[in-house]
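Overview (structure and organization)
Here's the letter readout for the chains.
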Amino acid sequence: MCIRDSYAALAMDNNVNGLDIARLTASYTFGDLFLGAMLQQAKDADINNGKGLKDNVKGAIGAVLNDFSNTFVAEDQNSVLVSAKWTIDQWTINTLYIQSSYENATDEVNNNAISIGFDYRINKRTKLHSYYSVLTVDKNRAIGLMDDYQYQALGVIGMEYKF
């Protein structure tokens, strides 16, 4: 569905990499401010070749689950993502917050991530950009975390040039 200054979409995957996934995405633009949100639910597919959700999850949280857990097998994953982008002259401020939970019949692992970034537009074809991100996984004995785990990443200053 597209209406001027807004966007919404519903996507569903069935047994892709052993997962059934439903995702709802929406965004709206108010002048120089862009707001976005996404809700996602992932479950083990009925035909999963004996793998748990953690074996199919990609990216940073998948690495954390695989690093810390040999016994926790998630059956469900729920996520909420909100983002905002504000443009002021040649500057753009980007923010992103994600909260996810991984669950099975006996336990739950929660994590969140936050990022803030800045873009500086030099001209129509060139911009500089940088960001800072923090990923936190809540203390959970089921995956062997006796304290909260926190990973911080400072994005290197980059440059984009459109040919």
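Because the structure is predicted, anything quoted here is derived from the model rather than measured.

Moving on, we come to the environment of Asp-119. Relative to the helices and strands, Asp-119 is located in strand S7 (residues 108-123). Along the sequence, Asp-119 and Ile-157 sit 38 residues apart, while their C-alpha atoms lie 9.6 Å from each other. Looking at Asp-119, its side chain comes within polar contact range of the side chain of Lys-127, at 3.5 Å.

Next up on the list: the packing of aromatic side chains. The geometry of an aromatic ring pair comes down to the distance between the two centres and the angle between the two planes. The tally for this structure, following the rule as stated, stands at three aromatic pairs. Each ring, one from Trp-91 and one from Tyr-120, has its centre 4.8 Å from the other, and the planes form 55°; the classification is tilted. A residue pair is termed long-range when its members are at least 10 positions apart, and Trp-91 in strand S6 (residues 91-103) and Tyr-120 in strand S7 qualify at 29 residues. Owing to a relative accessible area of 45%, Trp-91 belongs among the partly exposed residues under this scheme. Ring geometry for Tyr-161 against Phe-163: centres 5.2 Å apart, planes inclined by 85°, an arrangement best described as edge-to-face. Take Phe-163: its relative accessible area is 85%, and that puts it in the exposed class.

As a further point, take the pattern of salt bridges. Overall, the coordinates contain three salt bridges when judged by the stated rule. Among the ionic pairs, Lys-127 bridges to Asp-119, the shortest N-O distance being 3.5 Å. Judged by relative accessible area, Lys-127 falls into the partly exposed class, the value being 25%. Note that Lys-127 and Glu-160 form a salt bridge whose closest N and O atoms lie 3.9 Å from each other. With Lys-127 in strand S8 (residues 126-137) and Glu-160 in strand S10 (residues 158-161), the pair connects residues that are 33 residues apart, well separated along the chain. One connected set of salt bridges, linked through shared partners, spans Asp-119, Lys-127 and Glu-160.

About the thresholds
Residues numbered from 1 in each chain as written. Predicted model: local features only at pLDDT ≥ 70, side-chain atom pairs only at ≥ 80, totals over all residues. Heavy atoms only, no water. Helix = DSSP H or I, 4+ residues; strand = E, 2+ residues; numbered from the N terminus. Polar contact = N/O pair within 3.5 Å; in protein donor to acceptor, adjacent residues only side chain to side chain. Phe/Tyr/Trp six-rings, centres within 6.5 Å; stacked < 30°, edge-to-face > 60°. Buried < 20%, exposed > 50% of the residue type's maximum accessible area, 1.4 Å probe, protein only. Salt bridge = Lys/Arg side-chain N within 4 Å of Asp/Glu carboxyl O.

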